[in-house]
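# Tertiary structure, described
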Amino acid sequence: MGSQTLLGLVVSRYLLIRTPKRPINDTHLNVDRVRGRRRKAAMHSPSQLRRHVTGFLLRRHHLHIKSGHRYVPRNGDDQKKDNEEKHMFLYKSWGQHILTNPRVLDAIVRKSNIKPTDTVLEIGPGTGNLTLRLLQAAQRVVAFEVDTRMVEILRKRVAEQGLEDQLTVICKDALKADFPHFDLIVANIPYGISSPLVAKLVFGANPFRSATLLLQKEFARRLLANPGDSEFNRLAVNVKLLAEVEFVMDVSKRDFLPCPKVDSSVVTIRPKAEVPDVDLNEWCAFTRTCFSKKNKTLGATFKHKRRLMELWRLSNLRGSEKENEVSGCNYDCSYEDIEEEEGNESDEGNGDPSPGSEITEMSSFKEKINGVLKSGGFGDKRPSKLSGKELLQLLSLFNQAGIHFHDQAQAKAKPRNI
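Everything in this summary refers to the structure shown in the same document. (Residues numbered from 1 in each chain as written. Predicted model: local features only at pLDDT ≥ 70, side-chain atom pairs only at ≥ 80, totals over all residues. Heavy atoms only, no water.)

What follows covers the pattern of salt bridges. Summed over the entire model, instances satisfying the criterion amount to 7 salt bridges. Among the ionic pairs, aspartate 118 bridges to arginine 209, the shortest N-O distance being 2.6 Å. Of this pair, aspartate 118 sits in the loop between α5 (102-111) and β2 (119-123) while arginine 209 sits in the loop between α8 (194-203) and β6 (210-216), and the two are 91 residues apart along the sequence. One salt bridge in this structure joins aspartate 250 and lysine 217, with 3.9 Å as the shortest N-O distance. Taken together, the positions of aspartate 250 in strand β7 (residues 243-251) and lysine 217 in helix α9 (residues 217-224) put the pair 33 residues apart, joining distant regions of the chain. What makes aspartate 250 partly exposed here is its relative accessible area of 40%. Within this structure, Lys217, Arg221 and Asp250 form a network of salt bridges that share partners. (Salt bridge = Lys/Arg side-chain N within 4 Å of Asp/Glu carboxyl O. Helix = DSSP H or I, 4+ residues; strand = E, 2+ residues; numbered from the N terminus. Buried < 20%, exposed > 50% of the residue type's maximum accessible area, 1.4 Å probe, protein only.)

If you want it as structure tokens, here you go:
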């Protein structure tokens, strides 16, 4: 069969498939005759014919391209690696989303400013897309990975590149394990552990030069928020006490496999050279109390009857050496505002002191707190509008009045655990 005959059959098949079904009447027949002549005339154009035949053959052989995915040329090794990723079951509870866009991976490594003598810490290396690039830029990479399947693929890929001597894989939970020495951290952080991991890095004992982290976009916005922003919260206050946070770039959710529901952002955290002289347990307990209702005035927060009663009774239980310590909250730097946990609290009912001396002591305790707020002009101010410097000033005023937000004796007996 000649090529022209084969081409004619393909075109006829395509036109037959594309022709819509309509009720047969004289009007439609006349219209169809006119449209048929126009279609045949258009098919004589080489460009039109090439486009229609190509489209038909693509559908014939099911060569579909998934929408939303960018096409990037791959060599044989990358194609094999991509097939391994597609056939691997990923755990949603572990936040396993593999970054596959090579341009984004290269940009992250470039923005990290890695030196040839650096030791890089990576949390959740996955199948090694970022790890291979880090090994080429740094002297050594220490990777924490809990999924043994990922570890097997990672080691295999690194061995194929002859870089296995530069990689140390630790199969432990990064939140529970002690970090070895490292110069900087570069990682695609699982969404579920972003808050405690950032707290462990910033408030931990390991010094480092910078941390370039790929985070959920909403979480990154909270981390970057400034006083007055709607996203401003305890996480931003606590982190910015000790470090500077810089926005690097946004990353589309289409650059991951599987595709998550939200976009991501890359930020860089750099510890400050000089930090305020403040007890970190005291500071975090204080910010937790203030930001329990971040949009309420501080006067209203510290006037809440039930809370005042609980804190006052707690201070009495601590004895004479712990008098006026009004919190005792465990160290917690998570970014979620706790006002959703507390719900709508009422000033009525629970928490009324018993008749007698307790009423007098409670009133005196309340007046002391109000006096501190008025002396600094903080009574009508809201935590979400206050800078870190202003919050430090308020904490200093409370401490000078003998009001503390953390058990100092307990802090000395038990080291701060993040």
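That shown, we press on.
Among the 5 residues of strand β3 (residues 140-144), 4 are classified as buried, and the element is accordingly described as predominantly covered. In terms of handedness, the path from β2 via helix α6 (residues 129-137) over to β3 forms a crossover that is right-handed. (Right-handed = clockwise from strand over helix to strand, strands pointing away.)

Further remarks concern the sheet that holds β3. Spatially, the 7 strands line up as an open sheet ordered β4-β3-β2-β5-β6-β9-β7, and their pairing is mixed. Two strands close off the open sheet at either side, each with one partner strand: β4 (167-170) and β7. Each strand of the sheet is rotated relative to its neighbour by a mean of 20°, with strand direction disregarded. Along the sheet face, α5 touches β5 (184-188), β6, β7 and β9 (264-271) and points at about 160° away from the line of β7. (Pairing = 2+ DSSP bridges. Axes fitted to C-alpha atoms, helices over the stretch in contact; angles between N-to-C directions. Contact = heavy atoms within 4.5 Å.)

Right, let's talk about the nonpolar core for a bit. Core analysis: the biggest nonpolar cluster contains 61 residues, and Ile123 and Phe398 have the highest contact counts within it. Those residues in contact with isoleucine 123 that sit more than four places away from it in its chain are Phe144, Ala174, Phe179, Ile185, Ala187, Asn188, Ile189, Ile193 and Leu197. Membership of the second largest hydrophobic core comes to 28 residues, among which are Val104, Val120, Leu135 and Val186. (Core = buried A, V, L, I, M, F, W, Y, C linked by side-chain atoms within 4.5 Å.)

Another aspect to go through is the packing of α8 against helix α10 (residues 234-242). Contact geometry for α8 and α10: axes closest at 10 Å, N-to-C directions at 25°. The angle between the axes of α8 and α10 places the two elements in the roughly parallel class. Note that α8 runs across α10; the crossing there is left-handed. Here α8 contributes Ser195, Val198, Val202 and Phe203 to the contact with α10, which in turn contributes Leu235, Asn238, Val239 and Leu242. (Parallel < 35°, antiparallel > 145°, perpendicular 65-115°, else oblique. Left-handed = near helix turned anticlockwise from the far one by under 90°.)

The subject of this paragraph is α9. Three or four residues apart is the spacing at which side chains of an α-helix point the same way, because the helix has 3.6 residues per turn. Among all positions of α9, only Phe219, Ala220, Arg222, Leu223 and Leu224 are buried. Buried residues in α9 make contact with α8, β6, α10, β7 and β9.

With respect to the helices and strands, cysteine 290 occurs in helix α11 (residues 280-290). Look at cysteine 290 and you get buried, because its relative accessible area is 0%. Once the C-alpha coordinates of cysteine 290 and serine 384 are considered, the two residues, 94 residues apart in sequence, prove to be 9.3 Å apart. Those residues within four positions of cysteine 290 in sequence are excluded, and the remaining contacts are Leu298 and Pro383.

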